[in-house]
Amino acid sequence: MADQLQPSSASPPSVVEPPSLTAPARRLGERVIELGIRIVAGVSILAILLIFAFVFREASPILLGTTPKKSATTTSEWLVPGEVDSAAIQAEQKKQAEAAAPRDPAKEEKNRQEKEKRAKEARAIVGEEYPVLTKDSAVKLSYLWHTNWQPNSEYPRYGIIPIILGSLKTTLIALLIAAPLSILAALYTAYFAPRRLREIVKPIIEILAGFPSVVVGYFCLMSVATVFHNLLGFDYRLNAIVGGVGLALAVIPIIYTITDDALRSVPGALREAALAIGATPWQAAYQVMLPAATPGIIAAVLLGIGRAFGETMIALMATGNAGTAGWSFVEPVRTFAATIGAEMGEVANGSPHYQMLFLLGVILFIFSFGINLITEFYVKRKLIKKFRGGA
Amino acid sequence: MSNGNLPAPEAAAELTAPIRHTFVESISRRLPIICTVIILAMVVIIVLNFLITGAPALSWEFLTEAPRKANTEGGILPAIIGTFFLVLLMTVAAVPVGTITAIYLTEYARQNSILARIIRFAVNTLAGVPSVVFGLFGLGFFIMTIGRGVDRVDWDRRMHVLRDALAAPTSPVAGNRIATISDVQKYLFALRNDDWSGEVKKLQSYPRGVSGPTTAELTVKYLDRTPELHWGKPGLLWAALTLALLTMPVVIVSVEEALRNVPREIRDASIALGATRWETIRKVVLPNSVTGILTGSILAVSRGAGEVAPILFTGVIYSAQSGPGSLTDQFMHLGYHLYLLATQSPDVDGTAPLQYATTIVLLGLTLLLNISAILLRSRLQRRRIVL
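Residues numbered from 1 in each chain as written. Chains lettered and ligands numbered in written order. Predicted model: local features only at pLDDT ≥ 70, side-chain atom pairs only at ≥ 80, totals over all residues.

## What about the overall build of chain A?
Heads up, the condition is: Put simply, DSSP marks the helices as runs of H or I at least four residues long and the strands as runs of E at least two long, and each gets a number from the N terminus on. Neighbour counting defines burial: a residue surrounded by 20 or more other C-beta atoms within 10 Å of its own C-beta is buried, one with 12 or fewer is exposed, and intermediate counts give partly exposed, using backbone-placed C-beta atoms. Whether two residues are in contact depends on their C-beta atoms, placed from the backbone: they are in contact if these lie within 7 Å.
For chain A, the count of helices and strands is 15 helices and 2 strands. The 391 residues of chain A split such that 43% are buried. Of the contacts made within chain A by residues no fewer than 6 positions apart, 73% connect residues no fewer than 24 positions apart.

This is how it looks when you write it as structure tokens:
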């Protein structure tokens, strides 16, 4: 992560042609080794392709609308040749007896009423617009646009609006906290901090990056939640703000490191010029260096968003995981990643719920991929152009 | 913002005026310092918080005993062993592949090589994929596809052997004969060439009961419905490979940095003396970047030891009495253990000391690894200046 900007600023790789004076056998060995290295280097590409293919594959019944085949097994499958299936005979006899028996209008009426009552109950629980589903009914994409995420209820609902809102809220809070803190801290350490302080700050932020996310999540669950609850008197101990603070702790090192790289890759001549025409160091930093590094800072913030959006354990432990939609920031929320983390362990392989969780994974993957695409092709190009053409 | 790189000439003239000590200005001067202090304070608070509250709960018994009473008592030894083996396997997979990728990127790829650019993009993407997606991938690819595939092949072989055994002349169902399930069970039990006890047990729930009739074909068909899972379920190997993909970018970035620090003159000298490119890499470049490879490995280990999301559905288990015995065993993990104690335990408040102690062990481990990586790297950077 820290190296996101490296390729543009690093020295060019050495391109040294091997001398052709070597013996043919040696040259052959050389070729084989190079081929091997090339193949192993391709593992990263393969990994990305496989991740997309296989996460997509498990979610494909929903995305493509195909229904998985069901294997129907009846008792007659296990009959030996010549044996008679007594269960089938009994079923047939029952059917005939029912057909022969006089119809009982009262009983039929009662059955019908019972059915209607249940349908009404289901309707009352599910709501007017949403289809009444069972645990096994195939999920369509149109079912996703709903305000209730209750895949484990008797009539499951797979609305992802609360999850979208939850992810947006926690990410927004994380960003509001982390972006100013880390950008300004980077500005300070890049231009103003004494050398000694700078040498302390960088490793400490690296240590923060090295904290296991489960530890950060636990810290929020125990300490941050309690402190906020006592100081601000939230109704719920775990809510979007506590989760956002936790995510901010995970995002700060990313934004700091990349902003620091971006600031350092701004040509020093810009700053010297600003100082020479009479700007104070602070004016030079705020009005010259910071704007010059904007593309890099945008990249930093984007990657921070990606991290906050996809972080699992912190969101799982500190957001409260309630699947209701609402705009309040002090209510428990649930995010994409936390939903997968919390529910994947308990679903049956191949069930609609299982496919649904993989679909959430597809969304997460596409989101992070999109962010990387933007930083790679838009931001970096702009950064390079800026320094080659502009300054 | 895009046009505001440089102050306009008029603005520059203004800048020479004495500094106005406005409110905004004084804030904008102090804010960066305050921000830096806040970040440092947060790190210090987290570490101190866990050190002070957790240290008293740490004991020798805690580190060397297995958990008791649904994880509410006892120690975390199986979790320590599980984490160790997980990270060990992960390192064995990630470090060589990561190092070779870095070698390709720095030593072989031309500057404008398309392949190298795609690989770089893939590595950056891999670094940005949310860790829980790696978990889904591990489940969908390693377990459901590779593992189940291996199991299927193995099971088909076994069913083939079973078919042959049931067709043997001594078998009660040989040659389309009909026998009861219990006869088949007795026959299979007596067979010495393979262990069929699992199948004998499975036949117990045959749809028509143990006294029901069956043929060789039906017996095989029935058993074939529920293949035994060996690789096709969560286990240590799959969790380690999933983690290896996650930590590979860490290794690649570190090793690349180290390789770039080897001065180009050394390479040129080696080539000039008649060494081939691979000989130069093996005898000159790699020995000079051992520290960097080590740093990358340590960072990867630290990252891998702390990640919980990728192993949630690829191998971790609620509780175990010992460490994993084989590659297909499920295992306990420090981070997952902490998550369980803090959120899923029947007695969350009662296990608070255990939670803090577990956090200390996990945090201590990752801190130690990270600090050693930082020290190693600073040594590396200092040496570069000397060269």
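## Side note on the domain arrangement of chain A
All names here are of chain A. The cut-off we apply is this: Residue ranges assigned to each domain were obtained from an automatic or database domain assignment. Residues are sorted three ways: Asp, Glu, Lys and Arg are charged, Ala, Val, Leu, Ile, Met, Phe, Trp, Tyr, Cys and Pro are nonpolar, and all the rest, Gly among them, are polar.
Taken domain by domain, chain A comprises domain 1 (24–64) and domain 2 (161–390). Just the C-alpha atoms count here: the centres of domain 1 and domain 2 sit 31 Å apart. On the side of domain 2, 7 residues touch domain 1, which itself brings 9 residues to the contact. A class-by-class count of the residues in the side of domain 1 that touches domain 2 yields 8 nonpolar, no polar and 1 charged.

## Some remarks on helix H13 (residues 290–306) of chain B
Using the following cut-off: Under the convention used throughout, the expected extent of a helix is 1.5 Å for every residue step, that is, one less than its residue count.
The terminal C-alpha atoms of H13 of chain B lie 25 Å apart, and with 17 residues this matches the ideal 24 Å at 1.5 Å per residue to within 8%. When you tally the buried positions in H13 of chain B, you get 14 out of 17 residues, the bulk of the element.

## Some remarks on the domain arrangement of chain B
The domain architecture assigned to chain B consists of domain 1 (60–131 + 233–386) and domain 2 (142–224). Taking only C-alpha atoms, the centre of domain 1 of chain B and the centre of domain 2 of chain B are 44 Å apart.

## Points about the packing of helix H6 (residues 131–167) of chain B against helix H9 (residues 216–224) of chain B
Residue and element names in this part refer to chain B. Put simply, the rule is: An axis is simply a line fitted to the C-alpha atoms; with a helix, the fit covers only the stretch in contact. Between two such axes, the angle follows the N-to-C directions and lies from 0 to 180 degrees. Angle categories: roughly parallel below 35 degrees, roughly antiparallel above 145, roughly perpendicular from 65 to 115, and oblique for all the rest. Crossings are classed by handedness, with left-handed meaning an anticlockwise turn of the near helix from the far one by less than a right angle and right-handed meaning a clockwise turn.
Closest axis-to-axis distance for the H6/H9 pair is 10 Å, and the angle between their directions is 160°. Between H6 and H9, the angle is such that the two are roughly antiparallel. In this structure, the crossing between H6 and H9 has a hand that is right-handed. Of the residues in H9, those touching H6 at Met159, Leu162, Arg163, Leu166 and Ala167 are Ala216, Thr219, Val220 and Asp224.

## Focus: the interface of chain A and chain B
Tallying the contact residues gives 100 residues for chain A and 93 residues for chain B. Take the side of chain A that touches chain B: its biggest share by element is 11 residues, from helix H3 (residues 43–64) of chain A. Class assignment of the residues belonging to the side of chain A that touches chain B gives a composition of 65 nonpolar, 25 polar and 10 charged.

## A closer look at unusual backbone geometry
All names here are of chain A. Positive phi, normally seen in glycine, also occurs at Asn321, with a value near 55°. By the element assignment, Asn321 lies in the loop between helix H13 (313–318) and helix H14 (336–343). For Asn321, a count of 21 C-beta atoms within 10 Å puts it in the buried group.

## Section: the nonpolar core
Quick note on the threshold: A set of buried residues qualifies as a nonpolar core if it consists of Ala, Val, Leu, Ile, Met, Phe, Trp, Tyr and Cys joined through C-beta atoms within 7 Å.
If you look at the biggest cluster of nonpolar residues, it comprises 194 residues, and the most contacted ones within it are Cys220 and Ile255 of chain A. Sorting elements by how many residues they give to this core places helix H10 (residues 236–261) of chain B first, with 18 residues. Not counting the four nearest positions on each side in its chain, Ile255 of chain A is found in contact with Ala178, Ala179, Ser182, Ile183, Ala300, Val301 and Gly304 of chain A. If you look at the next biggest cluster of nonpolar residues, it comprises 11 residues, including Leu162, Ala179, Val184 and Leu188 of chain B.

## Some thoughts on H3 of chain A
Residues and elements named next belong to chain A. This is how it is decided: The quantity called bend is, for any residue, the angle between two axes fitted respectively to the seven residues ending at it and the seven beginning at it.
In the structure, H3 departs most strongly from a straight axis at Glu58, where the bend amounts to approximately 55° and where the proline Pro61 lies between one and four residues downstream. Buried within H3 are the following residues: Val43, Ser44, Ala47, Ile48, Ile51, Phe54, Val55, Glu58, Ala59, Pro61 and Ile62. Phi for Gly65, located one or two positions after H3, is positive at around 75°.

## Structural notes on the environment of Lys201 of chain B
All names here are of chain B. Relative to the assigned elements, Lys201 resides in helix H8 (residues 197–203). On the basis of neighbour count, Lys201 is assigned to the exposed category, with 10 C-beta atoms found within 10 Å. C-alpha of Lys201 to C-alpha of Val348: the two residues are 147 residues apart in sequence and 40 Å apart in space.

## Comments concerning the confidence of the model for chain A
Defined as follows: Here pLDDT means the predictor's own confidence in every residue, given as a number from 0 to 100.
When pLDDT is averaged across chain A, the result is 84; 89% of the residues are at 70 or more. In the model, residues 1–12 of chain A has pLDDT below 50 throughout and makes 24 contacts with residues more than four positions away in sequence or in other chains.

## Things to note about the packing of helix H6 (residues 161–191) of chain A against helix H12 (residues 294–310) of chain A
Residues and elements named next belong to chain A. For the pair H6 and H12, interaxial distance at closest approach is 9 Å and the crossing angle is 140°. Taken together, the axis directions place H6 and H12 in an arrangement best described as oblique. The handedness of the crossing between H6 and H12 is right-handed. Counted together, Ser167, Thr170, Thr171, Ala174, Leu175, Ala178, Ala179 and Ile183 of H6 and Ile297, Val301, Gly304, Ile305, Ala308 and Phe309 of H12 form the full contact between these two elements. Looking at the contact of H6 with H12 residue by residue, the classes come out as 10 nonpolar, 4 polar and no charged.

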